[in-house]
Amino acid sequence: MPELRKSASADEKPHYLGHRDRLRERFLTSGQGALPDYELLELLLFRLIPRSDTKPVAKALLARFGSLAEVLGAPINLLQEVKGIGPAVALDLKVIAAAAQRMVLGEIKGREVLTSWSQVLDYCKAAMAFEEREQFRILFLDKKNGLIADEVQQTGTVDHTPVYPREVIRRALELSATAIVLVHNHPTTPFLIPLDHAQYR
């Protein structure tokens, strides 16, 4: 009899497998707009954590960092502080983040970026929000306010980064930029990213 009970137990499927199938079906039929952040994050984690219930992990990540973009923007060491996230999963999330950032940058390039500040802010938050050192970043724009380049010019300490106006102007001239957006983050308050816009002739 013990052998029969063991066999029956072995045939049982983990409860989360049905949930994964249903979630994939919802994504397939309704699109990503029908899913909240935690469910979209679950879909990503399905592949990264194949033999575990990923809903608690997804919710823990969002509770820690705030949004899907900020989860993907978080440094590897902070991701690993969340239960269920090991070094391999943290690295995979950063690979996904890099692909997402490149896609967003591709969408911004050549467009009237200054008419959509929310898109620029989302990109900057994903790229910088959880950097542990302060960065001075420059968005170089053409005469139609299309993005030519996005570059980190300087990286400083936790609360300071140097700015060299001569270097900013030199690089802008090299790229034939007619306007620039200056961005820096505050590692002590990671969700605050000031934006300044400067134009010159």
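Remember, predicted model here, so these are calculated numbers, not experimental data.

## Regarding the overall build of the protein
Inference 1: Looking only at helices and strands, the protein features 9 helices and 4 strands.
Inference 2: Counting only carbon and sulfur atoms, one obtains 55% of the accessible surface of the protein, whose full area is about 11900 Å².

## Describing the layout of surface pockets
Inference 1: Its volume calculated, the largest pocket comes out at about 630 Å³.
Inference 2: If you go around the largest pocket, you meet 23 residues; those closest to its centre are Leu-40, Leu-68, Ala-69, Leu-72 and Ala-100.
Inference 3: Elements that contribute at least two residues to the lining of the largest pocket include exactly helix 3 (37–48), helix 5 (68–73), helix 7 (87–108) and helix 8 (117–128).
Inference 4: If you tally residues by element for the lining of the largest pocket, the top one is helix 7, at 6 residues.

## Things to note about the environment of Val-120
Inference 1: Examined against the element boundaries, Val-120 turns out to sit in helix 8.
Inference 2: With a relative accessible area of 4%, Val-120 lands in the buried category.
Inference 3: Between the C-alpha atom of Val-120 and that of Leu-139, which follows or precedes it by 19 residues, the distance is 9.6 Å.

## What to know about helix 4 (residues 55–65)
Inference 1: Listed in full, the buried residues belonging to helix 4 are Val-57, Ala-58, Leu-61, Leu-62 and Phe-65. Angularly, the buried residues of helix 4 cover 130° about the axis, an arc narrow enough to put them on a single face.
Inference 2: Among the structural elements, helix 3, helix 5 and helix 6 (76–79) are those in contact with the buried residues of helix 4.
Inference 3: Of the residues trailing helix 4, Gly-66 is marked for its positive phi of about 110°.

## Let's talk about the environment of Pro-75
Inference 1: In this structure, Pro-75 sits in the loop between helix 5 and helix 6.
Inference 2: Here the alpha-carbon distance between Pro-75 and Ala-90, two residues 15 residues apart in the chain, equals 8.5 Å.

Here is what the cut-offs are and how they apply
Residues numbered from 1 in each chain as written. Predicted model: local features only at pLDDT ≥ 70, side-chain atom pairs only at ≥ 80, totals over all residues. Heavy atoms only, no water. Helix = DSSP H or I, 4+ residues; strand = E, 2+ residues; numbered from the N terminus. Areas by Shrake-Rupley, 256 points an atom, 1.4 Å probe, with all protein chains shown as cover. 1 Å grid on protein atoms, 1.4 Å probe; cavity = no way out; pocket = protein on both sides within 12 Å on 5 of 7 lines; lining within 4 Å. Points joined across faces, edges and corners; volume = space filled by probe spheres on them. Buried < 20%, exposed > 50% of the residue type's maximum accessible area, 1.4 Å probe, protein only. Arc of directions from axis to C-beta. Contact = heavy atoms within 4.5 Å.

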